[in-house]
Amino acid sequence: MRALIVEDEFLSRKVLRSFLLTLFEVDIVVNGREAVEAFKLGHAEKRPYDLILMDIMMPEVDGIEALQKIRNIESENGYKPRAKVIMTTALDDPQTVLKTFYDGEASAYIVKPVAKDKLYAELEKLGLLHK
């Protein structure tokens, strides 16, 4: 399985990568623009991402906009199954959470700092981790 980490903060990238490395082949990008490009490339190579862990607050293109672009690409191309997308943020802002779920169709949401047990619980709910 493949995972894409979309995170502008170095330490967060490093921690998330360490959590996922035993479960996934992991790629890392630093903003939403790169996330959309990596997503397209994954499909072009016939190796799509099963999981995308995406920060909401990033430079250039934020996580919400990138998620909307990814969902549009999936819809336009009939990609099934759709990527599971877990949004991460330091903001504990209910409006932002609702926006990512309803507008962006996020699969899950985790408030930072991301704890390994919390991440694994979400992966299990999404069918990406089997105990």
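Values in this document were obtained by computation on a predicted structure and should not be read as measured data. (Residues numbered from 1 in each chain as written. Predicted model: local features only at pLDDT ≥ 70, side-chain atom pairs only at ≥ 80, totals over all residues. Heavy atoms only, no water.)

Chemist: Hey, could you go over the sheet that holds strand β5 (residues 108-111) for me, with residue numbers and the actual values?
Modeler: Within a sheet, adjacent strands bond to each other through the backbone by hydrogen bonds, running parallel or antiparallel. Strand order across the open sheet formed by 5 strands is β2-β1-β3-β4-β5, with parallel pairing between neighbours. Strands with a single pairing partner mark the edges of an open sheet, and in this sheet they are β2 (25-29) and β5. Ignoring strand direction, the axes of neighbouring strands in this sheet form an average angle of 20°. In the packing of helix α3 (residues 63-77) onto the sheet, the strands contacted are β3 (51-55) and β4 (84-89), and the crossing angle to β3 comes to about 150°. (Pairing = 2+ DSSP bridges. Helix = DSSP H or I, 4+ residues; strand = E, 2+ residues; numbered from the N terminus. Axes fitted to C-alpha atoms, helices over the stretch in contact; angles between N-to-C directions. Contact = heavy atoms within 4.5 Å.)

Chemist: Describe the nonpolar core, naming the residues involved and giving the relevant values.
Modeler: Note on soluble globular proteins: their nonpolar side chains tend to be buried together. Within the largest apolar cluster, 23 residues are counted, with the highest numbers of intra-cluster contacts made by Leu-4, Val-6, Ile-52, Met-54, Val-85 and Met-87. Among the elements of the structure, β1 (2-6), α2 (32-44), β3, α3 and β4 are those that each provide at least two residues to this core. With residues near it in sequence (within four places) discarded, Val-85 still touches Ile-52, Met-54, Leu-67, Arg-71, Ala-106, Ser-107 and Ala-108. Judged by nonpolar contacts, the second largest core, of 19 residues, contains Ala-108, Val-114, Leu-126 and Leu-129. (Core = buried A, V, L, I, M, F, W, Y, C linked by side-chain atoms within 4.5 Å. Buried < 20%, exposed > 50% of the residue type's maximum accessible area, 1.4 Å probe, protein only.)

Chemist: Before we move on, can you summarise a nonpolar patch on the surface with the specific residues and values?
Modeler: A grouping of Phe-10, Leu-11 and Val-15 is seen on the molecular surface, where their side chains present a nonpolar patch of about 300 Å² in accessible area. Along the polypeptide, Val-15 turns up in helix α1 (residues 10-20). Take Val-15: its relative accessible area is 32%, and that puts it in the partly exposed class. (Patch = residues over 30% accessible without salt bridge, like charges linked within 9 Å, V, L, I, M, F, W, Y side chains within 5 Å. Areas by Shrake-Rupley, 256 points an atom, 1.4 Å probe, with all protein chains shown as cover. Salt bridge = Lys/Arg side-chain N within 4 Å of Asp/Glu carboxyl O.)

Chemist: Outline the UniProt feature "modified residue: 4-aspartylphosphate" (unreviewed entry) in the protein chain, supporting the account with residue identities and numerical values.
Modeler: Those places that UniProt annotates as "modified residue: 4-aspartylphosphate" (unreviewed entry) correspond, in this numbering, to Asp-55. In contact with Asp-55, other than residues within four places in its own chain, are Val-6, Glu-7, Asp-8, Gly-63, Met-87, Thr-88, Thr-89 and Lys-112. (UniProt positions renumbered as here; feature names shortened; annotations may be inferred.)

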